[in-house]
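# Working through the structure, step by step
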Amino acid sequence: MNILQKSILLFSLCFTYLLFAQKTTSETAMVKGNCGMCKARIETAAKDAGAKMANWSAETQKLKMEFDPSKTSESKILQKIAEVGHDNELYKAETDTYSKLPGCCLYDRENATEESSNIENSNEFSVKGHCGMCKSRIETTAKKAGATSATWDLEYQKLTMDFDASKVSANEILQKIADAGHDNEMYKAKDSTYDALPDCCLYDRDSEFPKNGKKVEIENGHVKSIAIKNSNEFSVKGHCGMCKSRIETTAKKAGATSATWDLEYQKLTMDFDASKVSANEILQKIADAGHDNEMYKAKDSTYDALPDCCLYDRDSAFPKDGEKVEIENGHVKSATEKKETTEELTEEKKIQQEKNIEGVTILGSKDPTALSKKNASLTYNISGKELLKAACCNLSESFETNATVDVSYSNAVTGTKQLRMLGLDQKYTALTKELLPEIRGLATVYGLNFIPGRWIGGIQLTKGGSTVVNGYESITGQINTELVKFNEKPETNLNIFGDMNGRGEINLTHTSALTEKWNQSILLHGNATVAEQDYNDDGFLDQPTGSQINAAYLLNYNDLENSGFGSHFGINFLKDERNAGQTAFNKQLDQSEQTAYGVGIDISRFQVWNKTGYVFKGKPYQSIGLLNQYTYHQQDSFFGLRDYFGKQNTFYSNLIFESIIGNTNNKYKIGASFLYDTFDEDYIAQNYKRTETVPGVFAEYTLTGEKYTLVAGARVDFHNLAGTQFSPRLNFKYDIAPKTILRLSAGRGFRTANIFAESQNYMASNRTFSVLNGTGNIYGLEPEIAWNYGASLQQEFKLFDRKSTIVADFFRTDFKNQVLADLDVSPQSLVFYNLTGNSFANSLQTQWDFTPFKNFDVRVAYKYYQVEANYISGQREVPFISKNRGFANFAYSTDKNEKQGNWTFDTTLNLIGEQRLPDLSNNPAPFQLAKYSPSYFTMNAQIARNFNDKIRLYIGAENLTSYMQDNPIIDAQNPFSNYFDGGMVYAPIMPTNAYVGLDVKF
């Protein structure tokens, strides 16, 4: 580890320690005084009482102070100030002490606060409580504080007391009563003190005190809520079908003879015998189970322990009588998805599904399209609704309206697309499906085509080092895809798509319940490209023709609420065939039998996986999960006269245990993983075989405070070819203010390069592949190791009286032993070698999301990349990386009508700055490239008509500017010459492409 890395880690740890160690509260209080001597006396007394800072102003009569609430309190400080002779808003100085002050310090005592005056002339005070236990606590506290007698009346919510005003004030007694947990007409109890009261003592904090002579209604010795006294219908918050089961079951266990909770109206209707149980008691039990209602609020720790899909919006108001909340896929539609300004609920913990036993997904729901405010890492949740804004035929097209991920063509012959994040290729990003390894190894180049867009239920995109729980390969971040799953009601969705370039596809998804605890998902996809397009007349197809058949079956078992068990099974089969090359190529003939250049790629893929988990009885925070997956991947392909064949068998297993230390503010995960890979590749006439076995162990600790979250983890992997690798990762979030969030991250990752599979975009050329001075165990190369560091600032504010968010982030990645694919050595070669010098990537992004007016959302972003490596020829920019990129997305929707129908409009603009191009100066002049590419704009747009909530028709177009790269293929007329190269692509190779699609829900 170099000095910079050590310094940054040390700084992060020290910074974290200081934040935890220096917890400070700021307060301002009225304190009476007269002069500079008073100022010195007041500030000294405050500091003697524990204040870290005290500043009193004679002009404003205000004392500003800072103190550690774990060591002192505002009350203690003001008590000390009163003891030295200065009246304040809580305490009055003794007359004898006041009279002994110097003459210049004798302030005017006649202007005492009106409240103080009223209290001193009365012995009856409003104090809130709920039951007989409250009565005992209030009266005992008053007497201990100095009252000679104290009687509290439950019906009138009044405390009558006698006291000696020369020894104690009413203020002092009422302060003590508030300290014991009871709001009164002078002081409000701290939330933490109120929350710690016995359940039967939790009075209504929001209602007003009864007016003089007016009683509150009593039922079974408790205050009866006015809201519920003549009704058996109550407002109770929830989010899904699991909430319904929990609320109704809890109500019946608490004594209700019948209970029915309605998701749309957020109402619980129940019958009960009032002589045996009260509505209050039932609603208290429902709050104890985690559901806020019109009488009681659930404890934060109980709410946090709910399954992820049950995390309802705690900040929104209950629906008014007759009003419905909006439902989508069996869940309350989040405020974010409704384009409103509150989203705290869905952002809080909802990372995946109905229940997630740390990676063991049981049932699914859509995530919000938002930046998670509760996550320590910089994580964006992309919902299925967001994916509908673009053509989104597969995963590679799922990020067109997202500024974080760059999507670009990497080959002019095969039409493959690649993702980039933080300025680096997708191979440095962990691409998972259902939190299981997905696009890696031999699937790196074409894997983005293996997940159809209509199968995606949600995407979680994390920038920078992600959790150690999911493996060691994440360097720039993680992109996890969740598949569509059952949500309370059976649903069948049909999608039909076609574009003007002869590409068509059909998607069919079906989800249904088999029994009360079992449900299934059937996912089918087929696509075909039949048109042979050559817009630039270079004799080569601009896109490959071919077809894909893709099918998956998911089976879910959910008994978490009873036995604590849940399980998810999946199986997936894919067959993908594509042909490309010159228009004259006859795919029925072997390449050796014709002079036209052809490309053929045939991929077969099979996967089966299971995720099983158990939640411990009575411990919703403690669970254990086991994830297993087997993947078989085979590719048979040729690029002109070059053959490439590859087979990969992968078995992955991950065991995760999660629990707490003391309370839910201290969580930990420990576990062990095992990865087994076999690779068998043939490139031209050379065979390459290897087996990788990687057992590993990991641990992760999460500390949550009032304003901060720290996630610190580490894993050790024992790689048979790469040796023992230690990967620490740290994510820290600090809420500077309610709308201002700072995040810091640092972490290490490693990977083994698959140089042939990852470089297929250069196989459609006449470059020779070679490894320079190879001494490692993987193609003669060492494993790639990298450190990633990041910082981000998230700021929310109001603009046009609507929510607006700006996020700025900076990430740096430093490589050790990076495997470089050097295109600059010669136009006729591609040389692989491990980096011996400095290789890094700096990424700076600023994004602004705002809503100028109702239903109109704007997202603009700017990205700056500096990506360099120490090549054989020296330190140079990595080719095909644009230093400057701009992004803008505009989305508008009309209001929905009574049939849930409306129009939606979406437009995305991209500015791609100049990119360094590989050095082809040794080629003849016609086959050379400029040093840098020109900058260019692209524009995509879509219009959709939702006729109702079941039928949607959409039309759109990609590359509306019709910008196309000139001569994307070098020497296209002579594909078997030394100068032929189809890998020099930096811009679109096809003009505007219009498409149309239809979504039907059954």
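Worth saying up front: this structure is predicted, and the values here are computed from it rather than measured. (Residues numbered from 1 in each chain as written. Predicted model: local features only at pLDDT ≥ 70, side-chain atom pairs only at ≥ 80, totals over all residues. Heavy atoms only, no water.)

## Re the overall build of the protein
When helices and strands are counted, the protein shows 13 helices and 50 strands. In terms of overall dimensions, the protein is globule-like: its C-alpha atoms have a radius of gyration of 33 Å, near the 30 Å expected for 1002 residues. With respect to the three principal axes, the spread of C-alpha positions in the protein is 110 × 65 × 50 Å. Residue pairs at least 24 apart in sequence account for 64% of intrachain contacts in the protein once pairs closer than 6 positions are excluded. Counting every atom, the protein has about 40700 Å² of accessible surface; 54% of that belongs to carbon and sulfur. Side chains of the protein carry 107 positive and 125 negative charges; the gap between the two charge centres is 3 Å. (Helix = DSSP H or I, 4+ residues; strand = E, 2+ residues; numbered from the N terminus. Rg over C-alpha atoms; globule rule 2.2 N^0.38 Å. Contact = heavy atoms within 4.5 Å. Areas by Shrake-Rupley, 256 points an atom, 1.4 Å probe, with all protein chains shown as cover. Lys, Arg positive; Asp, Glu negative; His and termini not counted. Charge placed at Lys NZ, Arg CZ, Asp CG, Glu CD.)

## Notes on the pattern of salt bridges
Under the criterion given, the structure shown has 42 salt bridges. Note that E796 is salt-bridged to K803, the shortest N-O span being 3.6 Å. Here the residues in one salt-bridge network are K427, R751, E758 and E784, joined through shared partners. (Salt bridge = Lys/Arg side-chain N within 4 Å of Asp/Glu carboxyl O.)

## Points about empty space enclosed by the protein
Enumeration over the complete set of coordinates arrives at 10 cavities of 30 Å³ or more. Contributing to the lining of the second largest cavity are 37 residues, with A430, P437, R440, E473 and S474 lying nearest its centre. Looking at the lining of the second largest cavity, the elements that each hand over two or more residues are β21 (429-433), β32 (642-661), β33 (663-683), β34 (686-704) and β35 (708-719). When the residues that make up the lining of the second largest cavity are grouped by side-chain class, the tally is 10 nonpolar, 15 polar and 12 charged. (1 Å grid on protein atoms, 1.4 Å probe; cavity = no way out; pocket = protein on both sides within 12 Å on 5 of 7 lines; lining within 4 Å. Points joined across faces, edges and corners; volume = space filled by probe spheres on them. Nonpolar A, V, L, I, M, F, W, Y, C, P; charged D, E, K, R; others polar.)

## Observations concerning the nonpolar core
Counting 84 residues, the largest nonpolar core has L63, I81, L159, M161, I173, L268 and M270 as its most contacted members. Excluding its chain neighbours within four sequence positions, the residues that come into contact with L63 are E27, T28, A29, V31, I42, A46, A54, N55, W56 and I81. Listed in part, the 49 residues of the second largest apolar core include I755, Y779, F832 and I989. (Core = buried A, V, L, I, M, F, W, Y, C linked by side-chain atoms within 4.5 Å. Buried < 20%, exposed > 50% of the residue type's maximum accessible area, 1.4 Å probe, protein only.)

## Examining unusual backbone geometry
Of note in this structure, Q157 is not a glycine but carries a positive phi near 55°. Tracing the sequence through the fold places Q157 in the loop between β5 (147-153) and β6 (158-163). The buried category is assigned to Q157, whose relative accessible area is 6%.

## Some remarks on the UniProt feature "domain: TonB-dependent receptor-like beta-barrel" (unreviewed entry) in the protein
Taking the numbering used here, the UniProt-annotated feature "domain: TonB-dependent receptor-like beta-barrel" (unreviewed entry) corresponds to residues 547-960. From the first C-alpha to the last, residues 547-960 spans 26 Å; its make-up is 0% helix and 68% strand. (UniProt positions renumbered as here; feature names shortened; annotations may be inferred.)

## A word on the packing of helix α6 (residues 132-144) against helix α7 (residues 170-179)
Across the interface, α6 lies against α7 with an axial gap of 9 Å and an inter-helix angle of 140°. Comparing the axis directions of α6 and α7 gives the class oblique. In this structure, α6 crosses over α7, and the sense of that crossing is right-handed. Residues I138, T141 and A142 of α6 touch α7, and the partners they reach there are I173, K176 and I177. Residue classes in the contact of α6 with α7 are distributed as 4 nonpolar, 1 polar and 1 charged. (Axes fitted to C-alpha atoms, helices over the stretch in contact; angles between N-to-C directions. Parallel < 35°, antiparallel > 145°, perpendicular 65-115°, else oblique. Left-handed = near helix turned anticlockwise from the far one by under 90°.)

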